[in-house]
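Inside the fold
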Amino acid sequence: MKVVGKNVRKVDGIALVTGQPVFTLDVTPPGAVVGKILRSPHAHAEIVRIDTSKAEELPGVLCILHHGNVPRTPYTTAGQGWPEPSPYDSFLFDRKVRFVGDRVAAVAATSEEIADEALRLIEVEYRQLPAVLVPEEAIGPGAPVIHDEEESRGIHDPQHNVAAAIDIRVGDIERGFTESDVVVETTCEFPYVQHVPLESHCVVAYLDEEDRLVIRSATQVPFHVRRIVARALGVPLSRIRVIKPRIGGGFGTKQEIILEDVAAALALRTRRPVVMKYSRAEEFVAARTRHPMKIRIKLGAKRDGTIHAIEMDVLSNTGAYGTHSLTVLSNVGSKTLPLYNKAPHLWFHGKAVYTNLPVAGAYRGYGATQGYFALEVAVDELAEKLGMDPLKLRLANHIRAGETSPIFEKIGEGRAGKAQVVKSCALEECIREGAKRIGWKEKHGKKTSEGRWVHGVGMALSMQGSGITDIDMAAATIVMNEDGSFRLLVGATDLGTGSDTILAQIAAETLGVAVEAISVYSSDTDFTPFDTGAYASSTTYVSGGAVLRAAQEARRRILEVAAAILGEPPESLDLEEGHAVSRGTGKKVPLSEVGHRAMYVTDQRHIIATASFVAPESPPPFAAFFAEVAVDVETGVVRVVKFVAAADCGMPINPALAEGQLEGAIVQGIGHTLYEELLFSPRGRVRNPNLFDYRIPTAADVPDIEVVLIPSDEPTGPYGAKSIGEIGINGPAPAIANAIYDAIGVRLYRIPFTPERVLKALHGKSMG
Amino acid sequence: MGIKRFHYARDVEEALSLLAAYEGRGALLAGGVDLARGLAPEVEGLIDVTTAGLAGISADGGGLRVGATTTLEAIRRSQEAQGYLGGFLAKVMGHVATLPLRNMATLGGAVVSAHPWADIPTALVALGAEAVWQNEELTEKASVEELYRRPFRAIFRRALLTEVRFPAWDGAFAFEKVARNAGDIALINCACGLGLDGEGKIAWARVAIGATPHRAKRLTAVEDFLTDEAPSEELWAEAAHKMKTEVEVGDDMRASAEWRRSAAAAIVRRALDRAAKGVTGDA
Ligand SMILES: Cc1cc2nc3c(=O)[nH]c(=O)nc-3n(C[C@H](O)[C@H](O)[C@H](O)COP(=O)(O)OP(=O)(O)OC[C@H]3O[C@@H](n4cnc5c(N)ncnc54)[C@H](O)[C@@H]3O)c2cc1C
């Protein structure tokens, strides 16, 4: 390999660090106006009357939209593949508001100040409805019905506030537990946490010279934006163009159509370019969050440590709308249960329920993060009850190459899945290597104290997927220029992960050129081929698969031309260092000559190749996580002293970028494990919608993190690659929980592990 | 309303006359770290006092004088501050916010904003620091502790804090803070100081606690308890116990009163231990 497997520089790195105008709002069209949203002050209310006359009189106000003057088409804001698995329970503007911060109206005005003033001048009369903020109460008797509208579709049980439900059985769970020698049962809780991307949601919408609607948006899913906006506004898809510039981080929250629909509606109405962006407060209140969950898990095992039965019972809070409700819920089981595939008896069931709280959605890890917190804490408890080293228990039970799990077939993307045999798995090596690096043997079970700081170590395993089987599809186009350089056009959306670089590496390797010979363009629904988008850990595997195929096809066409020049059969030629080279004679011709000849000289043609790739399966990456913590037993403060992650992402296309994904995910995970949590007033208002009160990790908080990639060769992946984007975030919560237990003998089941919670648990123990 | 005018005050007199001229609709601006988080709606004029020639740090016998517009980072790095009480004050600054904010925020701004959760007031109250301010008529001074008992917000609508004076102490201080992560404000903080007499007994003790979540206060009952005793681990534990009964704590979004009570005792014990080691040269 010349390019793949190398730490080549990010193709967009220089532009980013030199501050080039690459982001959505770096350029605004002339004559742009500002769009702003009026938000509900109530958790649940009906809009009885809305009077915009005063606001409309304000000079500079161009347009006000509300439920009375827009189409009422139910749709989902979840940017997912088709068929859309999330319920159609959202409207551009509705007669009802369902959480504090829900959309009431939108204004377009010539300045931000005027838009703000206009929002103040809109008079809204609400009839407050009883609100429900607790998932258990939402599905209890007499709870207010949050989605009582007739038009919504795809809600599992609107009368009982159940957005989605799942019930999957394998074997006979009752028998499974009866036959088990040891059973543990645990309930873990995951609160409301937010993605906090550096760049908040933002969009510019305008009509081009042909009156087509152009939406320039910081989105992970440009093609879904086009489809969903077309539906919501009743505009033909052919009249919409979505451009995705560089994205300043997303982590899943930009897999949502949150602003594009409103900005587009305002642009259509005013015929002016409309700029909209979320403030940080809006980002916290009205973007998306991780689904808060309560997960009860029961594990049964034989005396020898073979896990025999697993029950997982999930209560997921989807907030006011059901975006990603079913698929995140499904993932809690589908991404965790196959890890311990020896268990013949499984029962995975749960509900995603509506509450009058902010809307949950896609967030890196996508349900697996919540699932692994519960599963891996329970496995630790099981090991203790069995009197086994938790590392050995995991080694005895985890899935290996050549094996399968019935779950692959049972749970898919909002429907049944597809049988799959794991073809690559280096998890065992990951466990052994990680254990060595953290010093598992020396440290586990032997808590050491340095004054008030007590140290302990804990571990957790995880797998994820690589794209969504039979749904995720990507296409790529390779265009050869006459100088032997290439354009790579992809619909894939690099949201800061470095995927443009990786795709360029795959193309460069296949075409025998340096990365510099490839210029990547992503993405524009008018000019780049379709891609489902950046989510579900899909880009390297799915989009990379498409690039590989397109590059192979381009290579075939290049060799045809080169063969004519060299007078040798194409099969005897290779592409190397910018040349077509004969294996037999060593004769060679530069690609510039090939390109020039094809374009201008003989048998003219443009060498262009487009290919598609549909995920035939979703090969899981694997990881073993190890944390060493120090707990201050007097204040309850927890410090992560060291964190080790050993991961198998197949063959890493760009090891530095893969390691960066792991490190970033771990730091993000440490944030939710130790301090992140959205807090609510009794009336459902977010109390800490800012970075002063809601803390996220900074560079100064990053502990000693050691990541190591243990390669495996995934036969279905481009150059053996699998995914790495999400898996890292599944480790910190359970590994740290288990390390805290190792240190102080107290189990914590609810993150974040604040000093307060740790101390309370410690005191509870000493009192008991 | 919004800001209509911005002034650079060339000296204290100009700052004061501008402030008077605005009749309550003007505000003094130092680092702006706090003001930027929200201005009173009636404010029309901002008067930048960082140009008034107040910045500077100088040793004053065994004590220290710090001009009001001196930035927190300048204090942290200054030789004079590092020479004062073994660098205690400089080290406290290292606990405050983040470097970019410390490069802007001033000591005067910290004294006047007087956030209950802040660290600087706790240190200043423990140290017995004295605030010096001027209004159009006169110059006044009072200990920061005393200042906070007065209607100080009203005072500084008409006056300019010019300097903070730190007295000499024969002994040592230590500071403790518990926060959620780097750069966060305190869930609880404390500053403790001790001095020993010729026989190794505690000649004086200063114990201040902040972010309880109320503004920094001294706990004289704990100080009295310590005075004339011989330093020992047991004594710190007893003092911590006393602390638990004396300290006034409350709940807020960040932490409960119950946790604060336990944590306050823990950090006071530690700070006393560290201060004592500073005195005896153990640290
Ligand atoms: C994000 C953040 C984190 C923080 N973290 C900490 C922390 O960890 N620990 C801690 O102790 N503190 C912390 N603080 C508080 C910080 O120390 C103070 O906000 C800062 O010192 C204010 O100084 P300034 O110069 O920026 O004041 P400004 O914002 O300029 O002014 C603040 C107030 O003081 C008045 N004022 C300023 N100077 C004078 C003067 N000379 N005379 C009269 N009035 C004056 C202003 O009119 C205004 O009312 C934090 C603040 C922020 C915003």
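What you see is a predicted model, and the numbers here were worked out from it, not measured in a lab. (Residues numbered from 1 in each chain as written. Chains lettered and ligands numbered in written order. Predicted model: local features only at pLDDT ≥ 70, side-chain atom pairs only at ≥ 80, totals over all residues. Heavy atoms only, no water.)

Counting secondary structure elements, chain A contains 20 helices and 27 strands. In terms of principal-axis extent, the alpha carbons of chain A reach across some 90 × 75 × 50 Å. Relative to its full complement of 768 residues, chain A shows a buried share of 65%. Counting contacts in chain A only where the partners sit at least 6 residues apart, residues at least 24 apart contribute 80% of the total. As presented, chain A carries roughly 26200 Å² of accessible surface, and 53% of it is formed by carbon and sulfur atoms. Chain A carries 82 positive and 94 negative side-chain charges, and their two centres are separated by 1 Å. (Helix = DSSP H or I, 4+ residues; strand = E, 2+ residues; numbered from the N terminus. Buried < 20%, exposed > 50% of the residue type's maximum accessible area, 1.4 Å probe, protein only. Contact = heavy atoms within 4.5 Å. Areas by Shrake-Rupley, 256 points an atom, 1.4 Å probe, with all protein chains shown as cover. Lys, Arg positive; Asp, Glu negative; His and termini not counted. Charge placed at Lys NZ, Arg CZ, Asp CG, Glu CD.)

Moving on to the domain arrangement of chain A. All names here are of chain A. By the assigned domains, chain A splits into domain 1 (26–129 + 201–277), domain 2 (293–468 + 617–767) and domain 3 (472–614). Placing a centre on the C-alpha atoms of domain 1 and another on those of domain 3 gives a separation of 39 Å. Taken together, the contact between domain 1 and domain 3 spans 22 residues of the former and 22 residues of the latter. Counting each side, the surface lost to burial between domain 1 and domain 3 is near 1600 Å², with a carbon and sulfur contribution of 49%. For domain 1, the biggest contributors to the area lost against domain 3 are Q220, F223 and K244; these three give 38% of the whole. Applying the counting rule to domain 1 against domain 3 returns five salt bridges. In this structure, the salt-bridge partner of D524 is R241, at a minimum N-O distance of 2.6 Å. Where domain 1 touches domain 3, the interface holds 12 residue pairs in polar contact (both at pLDDT 80 or more). Grouping the amino acids of the side of domain 1 that touches domain 3 by side-chain chemistry returns eight nonpolar, nine polar and five charged. (Domains from an automatic or database assignment. Buried area = accessible area lost by both parts, 1.4 Å probe. Salt bridge = Lys/Arg side-chain N within 4 Å of Asp/Glu carboxyl O. Polar contact = N/O pair within 3.5 Å; in protein donor to acceptor, adjacent residues only side chain to side chain. Nonpolar A, V, L, I, M, F, W, Y, C, P; charged D, E, K, R; others polar.)

All names here are of chain A. One can find H201 in the loop between β8 (182–190) and β9 (202–207). Spatially, the C-alpha atom of H201 lies 17 Å from that of V107, the residues being 94 residues apart in sequence. A distance of 2.9 Å separates the side chain of H201 from the side chain of E283, its partner in a polar contact.

The subject of this paragraph is helix α11 (residues 233–246) of chain B. The periodicity of an α-helix, 3.6 residues per turn, causes residues three or four positions apart to be oriented the same way. Residue and element names in this part refer to chain B. The end-to-end C-alpha separation of α11 is 20 Å, in line with the 20 Å expected for 14 residues at 1.5 Å each. Of the positions making up α11, those classed as buried are L235, W236, A239, A240 and M243. Down the axis, α11 shows its buried residues gathered within 140 degrees of arc, on one side only. Away from its buried face, by an angle of more than 90 degrees, α11 presents the exposed residues E234, H241 and T245. (Expected span 1.5 Å × (residues − 1). Arc of directions from axis to C-beta.)

Time to look at the pattern of salt bridges. With the rule as written, the count across this model stands at 86 salt bridges over all chains. Among the salt bridges present, the one from R270(B) reaches D632(A), with a minimum N-O distance of 2.8 Å. Here R270(B), found in helix α12 (residues 257–280), pairs with D632(A), found in strand β25 (residues 622–632), and the two come from separate chains. Of the two residues examined, R270(B) and D632(A), each falls in the buried class. Linking R65(B) and D60(B) is a salt bridge whose minimum nitrogen-to-oxygen distance equals 3.2 Å.

This brings us to the site of the ligand. Neighbouring the ligand are 34 residues, the closest being L28(B), G31(B), D34(B), T106(B) and D119(B). More than one chain reaches the ligand: its neighbouring residues belong to chains A and B. Backbone polar atom of G31(B) to an oxygen atom of the ligand: 2.7 Å apart, as the coordinates give it. Within the backbone of L161(B), an N or O atom sits 2.9 Å from a nitrogen atom of the ligand. The protein chains hide 92% of the 970 Å² of surface that the ligand would expose on its own. At the level of secondary structure, the elements contributing two or more residues to the shell around the ligand comprise β2 (26–29), α6 (107–113) and β8 (160–166) of chain B. (Near = heavy atom within 4 Å.)

Many authors give the size of an interface as the accessible area that is lost as the parts come together. Residue-level contacts link 22 residues of chain A with 22 residues of chain B. Taking both sides of the interface into account, the surface hidden between chain A and chain B amounts to around 1800 Å²; carbon and sulfur atoms contribute 53%. When the area that chain A buries against chain B is broken down by residue, the three leading residues are F692(A), R695(A) and E756(A), summing to 33%. At the surface where chain A touches chain B, the tally comes to five salt bridges. There are 13 residue pairs in polar contact (both at pLDDT 80 or more) connecting chain A and chain B. For the side of chain A that touches chain B, the element with the highest residue contribution is helix α20 (residues 755–767) of chain A, accounting for five residues. Residues belonging to the side of chain A that touches chain B are distributed by class as follows: nine nonpolar, four polar and nine charged.

Glancing now at the pairing of strand β11 (residues 202–210) of chain B. All names here are of chain B. Most of β11 sits out of view: eight of its nine residues are buried. As paired strands, strand β10 (residues 186–196) and β11 are joined by eight bridges and run antiparallel to one another. Looking at β11, one finds that L196 is bridged to I202. Taking the residues that link successive antiparallel strands as the turn, the β10-β11 hairpin has five residues, and the phi of G200 there is positive, at about 85 degrees. (Pairing = 2+ DSSP bridges.)

What follows is about the side chain of E73(B). Tracing the backbone through its elements, the reader meets E73(B) in helix α2 (residues 72–77). For E73(B), a relative accessible area of 2% translates into the label buried.

All chains considered together, the criterion is met by 18 aromatic pairs over all chains. Residues F99(A) and Y321(A) carry aromatic rings whose centres are separated by 6.5 Å and whose planes lie at 80 degrees to one another, so their mutual orientation is edge-to-face. With F99(A) in the loop between β4 (96–97) and β5 (103–109) and Y321(A) in the loop between β14 (307–319) and α9 (325–334), the pair connects residues that are 222 residues apart, well separated along the chain. Like Y321(A), F99(A) is buried. Between W133(B) and F156(B), the aromatic rings sit 5.9 Å apart at their centres with planes inclined by 65 degrees, giving edge-to-face as the arrangement. Of this pair, W133(B) sits in strand β6 (residues 130–134) while F156(B) is found in helix α9 (residues 152–158), placing the two residues 23 residues apart along the sequence. W133(B) gets classed as buried once you look at its relative accessible area, which sits at 0%. Members of the aromatic cluster, joined through ring pairs, are F88(B), W169(B), F173(B) and W204(B). Here the guanidinium or amino end of R103(A) rests over the ring plane of F93(A), the centre of that ring lying 5.9 Å away. (Phe/Tyr/Trp six-rings, centres within 6.5 Å; stacked < 30°, edge-to-face > 60°. Lys NZ or Arg CZ within 6 Å of the ring centre and 35° of its normal.)

The next thing to look at is the domain arrangement of chain B. Residues and elements named next belong to chain B. According to the domain assignment, chain B contains domain 1 (5–48), domain 2 (57–166) and domain 3 (172–280). When each unit is reduced to the centre of its C-alpha atoms, the spacing between domain 2 and domain 3 is 21 Å. At the interface, 22 residues of domain 2 touch 22 residues of domain 3. In terms of surface lost to domain 3, no three residues of domain 2 exceed W117, T122 and A126, which account for 31% of the buried area on that side. Here D119 ties to K177 by a salt bridge, and the two come within 2.8 Å at their closest N and O atoms.

Moving on, we get to the sheet that holds strand β10 (residues 213–217) of chain A. All names here are of chain A. With mixed pairing, the seven strands of this open sheet are ordered in space as β3-β5-β1-β12-β9-β10-β11. At either margin of the open sheet sits one strand with a lone partner, and together these are β3 (61–66) and β11 (240–243). For this sheet, the mean angle separating the axes of adjacent strands, direction not counted, is 20 degrees. Pairing of β10 with β11 involves four bridges; the strand directions are parallel. (Axes fitted to C-alpha atoms, helices over the stretch in contact; angles between N-to-C directions.)

Now for unusual backbone geometry. Note that the residue after I751(A), namely P752(A), is joined by a cis bond; omega there is -5 degrees. Structurally, P752(A) can be placed in the loop between α19 (732–744) and α20. With an omega of 15 degrees, the peptide bond between T212(B) and P213(B) qualifies as cis. Position of P213(B) relative to the elements: it lies in the loop between β11 and β12 (217–218). At F251(A), a residue that is not glycine, the phi angle is positive and equals roughly 60 degrees. Its identity as a non-glycine residue notwithstanding, D228(B) has a phi of 75 degrees, on the positive side. As for its position among the elements, D228(B) is in the loop between α10 (220–226) and α11. Owing to a relative accessible area of 54%, D228(B) belongs among the exposed residues under this scheme.

The next point concerns the pairing of strand β26 (residues 638–648) of chain A. All names here are of chain A. When you tally the buried positions in β26, you get nine out of 11 residues, the bulk of the element. Direction of pairing for β25 relative to β26: antiparallel, over a ladder of 10 bridges. Bridge assignment links V629 to a residue of β26, and that residue is V640. Hairpin connection, β25 to β26: the antiparallel pair is bridged by five residues, and G636 has positive phi, about 85 degrees.

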